[in-house]
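Residue-level structure breakdown
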Amino acid sequence: MNKQTIKIISFMTLITLINNLAHPVTPELVSSIGYGSFLLGTLFAVMSMATFFMSPFWGRFSDKHGRKIGIIIALVGYGLSQLGFGFSTKPSIIIVFRLLAGGINCASQVAGLAYLVDVTSLKERTKAMALYTALTGFSSTLGYLIGGLVGNNDYHNAFILQSTLCFITAVLVIFFLEESHKETVIKKKTPFISSIGKYRYTIVPLLLVITMITSFFSTGFNNGFNSYMKFVLNLGPKYIGIIMAITGLIGLLMNILVFPLIKRFINDYHTLTFSIVMMVIFLTLAMYFETHNFTTSLILLIFFFAFLAIYKPVLQSIISKLGNANGEIMGLNNAFTALGNVGGSFYAGAVFAYSVNLTFYSLALILSLALILLLIKRKKLMEYGW
């Protein structure tokens, strides 16, 4: 891999770690002001909704002004909004800061992925995406662990650390990250619907729907799993952080050691389909054994987390190869990911309050919809040689 690929993956790994420092203490914040899983899901949904609306804007912004400035703006803005979030005690004020955080933080996600697409060839794209997902996935859970340890006695400490690191990283980006996007002129501003319309005769809309369904599932699962650890197992931030770090390590090992072996024998389409099938099977079995044999359930969850780590880089790689402008296509990808996040957050928060098991069984069923679409459109997808 070239120098720029290594640099952007390194920076995005650090940024992802920072972004997740407050996640393990957020349930503690919600609990401390007298609320439960529904507000927890609502906060993430509100943030995701802002991400949905702003991702296409930041995609066009990075195509016009460059990737680097988008990352810097996101770091500074997120650092400020997280300070406000962490020290608020009223739900209405917290929601406002969640909106601000979601609307500005997505700039780094969109610009970072567009940067990666800029500096990688089509041949190396899937491999680079897999490494990107492996390292950012692990760093996100490492962020959980560090945030949980730092905020175990006082959750405010995690927010202070997060904001401080955001500002420091912004300075590092200014001095050590070169711009990847040299063509900074866009013919005209393209509305969100028109951006999608440009691809109406391709498989991009189908892939964006699949992105939305899979993100609905993954966010619903993550929120449900966090609520399960906090409100059923009654675990504190430190132990939530440790568990999430373990799941991240599983994903890291899967993408670095197993994924390259899988890619030798099957293409992107079959890799994506196979990983979704395995997730549905292992999650369903894990929930069945949760009430029968907890040890067996944990083992099955390990396999589930392993395959959870595979689908995303493959799907992102496929979508990235179809765009006319890297910022634009990754903005659309991030927008539909956020749209799924909104639904998954609200869904998990509401259903979890009614039934723990129903939350996870129904999410497995919803994920099956993505599998059905992949199978129905198999011939069309295979035409692209994936």
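Refer to the preceding data block for the structure.
Now for a look at the structure at hand.

Rules of the game
- Residues numbered from 1 in each chain as written.
- Predicted model: local features only at pLDDT ≥ 70, side-chain atom pairs only at ≥ 80, totals over all residues.
- Heavy atoms only, no water.
- Helix = DSSP H or I, 4+ residues; strand = E, 2+ residues; numbered from the N terminus.
- Rg over C-alpha atoms; globule rule 2.2 N^0.38 Å.
- Contact = heavy atoms within 4.5 Å.
- Areas by Shrake-Rupley, 256 points an atom, 1.4 Å probe, with all protein chains shown as cover.
- Lys, Arg positive; Asp, Glu negative; His and termini not counted.
- Charge placed at Lys NZ, Arg CZ, Asp CG, Glu CD.
- Phe/Tyr/Trp six-rings, centres within 6.5 Å; stacked < 30°, edge-to-face > 60°.
- Buried < 20%, exposed > 50% of the residue type's maximum accessible area, 1.4 Å probe, protein only.
- Lys NZ or Arg CZ within 6 Å of the ring centre and 35° of its normal.
- Core = buried A, V, L, I, M, F, W, Y, C linked by side-chain atoms within 4.5 Å.
- 1 Å grid on protein atoms, 1.4 Å probe; cavity = no way out; pocket = protein on both sides within 12 Å on 5 of 7 lines; lining within 4 Å.
- Points joined across faces, edges and corners; volume = space filled by probe spheres on them.
- Nonpolar A, V, L, I, M, F, W, Y, C, P; charged D, E, K, R; others polar.

Points about the overall build of the protein chain
- Along the backbone of the protein chain there are 15 helices and 0 strands.
- Relative to the compact-globule value of 21 Å for 386 residues, the protein chain shows a C-alpha radius of gyration of 20 Å, a close match.
- In terms of overall dimensions, the protein chain has C-alpha extents of about 50 × 45 × 35 Å along its principal axes.
- In the protein chain, once contacts between residues fewer than 6 apart in sequence are set aside, the share between residues at least 24 apart is 86%.
- Roughly 16,000 Å² of accessible area belongs to the protein chain as shown, and the carbon and sulfur atoms make up 69% of that amount.
- Across the protein chain, the mean location of the 27 positive side-chain charges is 5 Å away from that of the 12 negative side-chain charges.

Focus on the packing of aromatic side chains
- Applying the stated criterion to the full structure yields 19 aromatic pairs.
- Aromatic side chains Phe217 and Phe304 sit 6.0 Å apart centroid to centroid with 75 degrees between the ring planes, which places their arrangement in the edge-to-face category. Of the two residues, Phe217 is situated in helix H9 (residues 204-232) and Phe304 in helix H12 (residues 294-320); the sequence distance between them amounts to 87 residues.
- The class for Phe304 is buried, based on a relative accessible area of 0%.
- Residues Phe274 and Phe307 carry aromatic rings whose centres are separated by 5.6 Å and whose planes lie at 80 degrees to one another, so their mutual orientation is edge-to-face. You can see Phe274 sitting in helix H11 (residues 268-290) and its partner Phe307 sitting in helix H12, a full 33 residues away along the chain.
- Over the ring of Phe85 we find Arg98; its NZ or CZ atom is 4.0 Å from the centre of that ring.

Remarks on the nonpolar core
- Phe221, Met279, Leu283 and Phe304 are the most contacted members of the largest nonpolar core, which has 85 residues in total.
- A total of 13 residues in this core trace back to one element, the largest contributor, which is H12.
- Aside from chain neighbours lying at most four places away, what touches Met279 is Phe217, Phe304, Phe307, Leu308, Tyr311 and Leu367.
- Counting residues in each nonpolar core, the second largest holds 13 residues, with Ala22, Ile33, Leu39 and Leu43 among its members.

A word on the layout of surface pockets
- For the largest pocket, the calculated volume is near 370 Å³.
- At the level of secondary structure, the elements contributing two or more residues to the lining of the largest pocket comprise H9, helix H10 (237-265), H11, H12 and helix H14 (356-376).
- The element contributing the most residues to the lining of the largest pocket is H12, with 6 residues.
- Of the residues that constitute the lining of the largest pocket, the class distribution is 17 nonpolar, 2 polar and 1 charged.

Let's talk about the environment of Ala45
- Tracing the chain through its elements places Ala45 in helix H3 (residues 37-65).
- Each C-alpha atom of the pair Ala45 and Glu328 lies 23 Å from the other, and the pair is 283 residues apart in sequence.

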